[in-house]
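Reading the structure
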Amino acid sequence: MPHLKIKLNGEKIGGWLAELSTEFPADVFRLLATQLRDQGALVTLEVRTPDGGDVIKEFETTPEVGNVEVLHADSQVVLLQFLTKHSRAYDPLYESGCISIYPTTLQNGWFSVHVVAGHDSLASYVEELTAAEIPYQVISLSQSHDTATILTNRQQQFIETAIEEGFYDDPRACTLTELAEILNIHKSAASRLRHRAESRLITHFATDFAQ
């Protein structure tokens with residue numbers, strides 16, 4: 001399933017939350033959950049800020065916000081829950097049928113959104129953004145894979161251990177001999193596991209990419 005990471009300029013479309021975030025440009029706003037209600041959306045928001053009192057006051061006095069509840073507050077983090085109207089920035093998401101992976105991060109007017117959907121839905125999402133004249137920047141587009149369905153259990157164990165021990169780091173933090181000792185197998189067996197696992201992964205990814 002394709003994963004799209006994209007940044008949206010919420011301030012340019014008059015989003016009240018994006019505009020509010022520009023008043024605290026160094027703070028990080030993290031939308032943890034959004035539940036649609038008849039009267040709007042119930043939002044759970046975490047703000048990483050040293051100015052919690054000022055942030056809370058802004059939410060309590062913002063016309064677009066209602067029923068503000070402070071769930072937690074300390075010297076570094078404020079956790080809020082509140083009702084608000086549906087945001088224009090989310091319309092393309094709903095229209096395209098894409099799924100947003102939370103948290104959605106907002107800082108200084110820009111939303112960082114992680115979207116998962118089929119290729120057609122992602123294309124529709126970008127088209128909806130363009131049609132709505134929402135400025136955006138594509139950060140990355142990747143394809144997720146469940147290696148457990150590609151590799152045997154032994155090959156999966158080898159790859160996971162190799163990554164954990166730094167075998168694939170540059171520079172390499174672990175040799176094949178050391179990796180074999182960790183797995184309690186001979187170096188020749190580790191070498192065979194490596195080549196078979198890598199061959200399966202490369203073949204699978206190359207085939208998938210070509211489709």
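Residues numbered from 1 in each chain as written. Predicted model: local features only at pLDDT ≥ 70, side-chain atom pairs only at ≥ 80, totals over all residues. Heavy atoms only, no water.

**Quick notes on the overall build of the chain**
So the rule is basically this: Helix numbers and strand numbers start at the N terminus; a helix is a DSSP run of H or I with at least 4 residues, a strand a run of E with at least 2. C-alpha atoms define the radius of gyration, and 2.2 Å times the number of residues to the power 0.38 defines the globule rule. The cut-offs for exposure are 20% and 50% of the maximum accessible area for each residue type, with area from a 1.4 Å probe on protein chains only; residues under the lower value are buried, those over the upper are exposed, and the others partly exposed. Whether two residues are in contact is decided by their heavy atoms, any of which lying within 4.5 Å being enough. Here the Shrake-Rupley method, with its probe set to 1.4 Å, supplies the accessible areas, and only the displayed protein chains count as covering residues. A positive count includes Lys and Arg, and a negative count includes Asp and Glu. His and the chain ends are not counted in either. A charged residue contributes its charge at one atom only: NZ of Lys, CZ of Arg, CG of Asp or CD of Glu.
Helix and strand content of the chain: 7 helices and 9 strands. Taking 2.2 N^0.38 as the reference for a compact globule, 211 residues should give roughly 17 Å; the C-alpha atoms of the chain span a radius of gyration of 23 Å, well beyond that estimate. Expressed as lengths along the three principal axes of its C-alpha atoms, the size of the chain is roughly 70 × 40 × 30 Å. Looking at the chain as a whole, 38% of its 211 residues qualify as buried. Relative to all contacts within the chain whose residues are 6 or more apart in sequence, the contacts with residues 24 or more apart total 62%. With an accessible surface of roughly 12,100 Å², the chain has 49% of that area assigned to carbon and sulfur atoms. Separation of charge centres in the chain, based on 16 positive and 29 negative side chains, amounts to 10 Å.

**Notes on the pattern of salt bridges**
For the record, the criterion: Salt bridge criterion: a side-chain nitrogen from Lys or Arg within 4 Å of a carboxyl oxygen from Asp or Glu.
A complete count under the given rule lists 3 salt bridges for this structure. Arg48 is paired through a salt bridge with Glu46; the nearest N and O atoms lie 2.8 Å apart. Its relative accessible area of 44% is what places Arg48 among the partly exposed residues. Glu46 sits in the buried class, given a relative accessible area of 14%. Arg194 is paired through a salt bridge with Glu198; the nearest N and O atoms lie 3.1 Å apart. Taken together, the residues span about one helical turn, with Arg194 and Glu198 both in helix 7 (residues 187-210) at a distance of 4 residues.

**Observations regarding helix 4 (residues 119-131)**
Put simply, the rule is: By this rule the span expected of a helix is its residue count minus one, scaled by 1.5 Å. Here the arc refers to the set of directions running from the helix axis out to each C-beta atom.
Across its 13 residues, helix 4 extends 18 Å between first and last C-alpha, which sits within 8% of the 18 Å expected from 1.5 Å per residue. Taken as a whole, helix 4 has its buried residues at Leu122, Tyr125 and Leu129. Within helix 4, the buried residues cover an arc of 55 degrees as seen down the axis, which keeps them to one side. Away from its buried face, by an angle of more than 90 degrees, helix 4 presents the exposed residues His119, Asp120, Glu127 and Ala131. Where helix 4 terminates, the next one or two residues include Glu133, which has phi positive at roughly 55 degrees.

**Quick word on the packing of aromatic side chains**
Applicable threshold: Pairs were defined over the aromatic rings of Phe, Tyr and Trp, the Trp ring being its six-membered one, requiring ring centres within 6.5 Å. Orientation was assigned from the angle between planes: stacked under 30 degrees, edge-to-face over 60, tilted for the rest.
Counted under the stated rule, the structure contains 5 aromatic pairs. Where Trp16 meets Phe59, the ring centres are 5.9 Å apart and the plane angle is 80 degrees; that geometry is what we call edge-to-face. Taken together, the residues span a long stretch of sequence, with Trp16 in helix 1 (residues 16-22) and Phe59 in helix 2 (residues 52-61) at a distance of 43 residues. On the basis of relative accessible area, Phe59 is assigned to the buried category, the value being 0%. An angle of 70 degrees between the planes, with centres 6.0 Å apart, marks the rings of Trp16 and Phe82 as edge-to-face. Within this pair, whereas Trp16 is found in helix 1, its partner Phe82 is found in strand 5 (residues 77-84), the two being separated by 66 residues in sequence. With a relative accessible area of 18%, Trp16 lands in the buried category.

**Considerations on the domain arrangement of the chain**
Filter applied, for reference: In this entry, domain limits derive from an automatic or database-based domain assignment.
As far as domains go, the chain holds domain 1 (2-143) and domain 2 (153-210). One C-alpha centre belongs to domain 1, the other to domain 2; they are set 39 Å apart.

**Looking at the nonpolar core**
Proteins that are soluble and globular tend to have nonpolar side chains buried together. The condition is simple: Definition of nonpolar core: a set of buried residues of the types Ala, Val, Leu, Ile, Met, Phe, Trp, Tyr and Cys, connected through side-chain atoms within 4.5 Å.
In terms of nonpolar packing, the biggest core is built from 35 residues, with Phe29, Leu45, Phe59 and Tyr125 touching the most fellow members. Every element with two or more residues in this core is listed here: strand 1 (2-9), helix 1, strand 2 (28-37), strand 3 (40-48), helix 2, strand 5, strand 8 (110-116) and helix 4. Contacts of Phe59, omitting those with residues within four sequence positions, involve Trp16, Leu17, Leu20, Phe29, Leu45, Val65, Val68, Leu80 and Phe82. Membership of the second largest hydrophobic core comes to 16 residues, among which are Cys174, Leu183, Ile185 and Ala197.

**Notes on unusual backbone geometry**
Here the residue pair Tyr102 and Pro103 is connected by a cis peptide bond, since its omega of 5 degrees sits within 30 degrees of zero. Among the secondary structure elements, Pro103 is positioned in the loop between strand 6 (99-100) and strand 7 (104-107). Residue Asn184 is not a glycine yet carries a positive backbone phi of 60 degrees. Relative to the helices and strands, Asn184 resides in the loop between helix 6 (176-183) and helix 7. A residue is classified by how much of its surface remains accessible, and Asn184, at 71% relative accessible area, is exposed.

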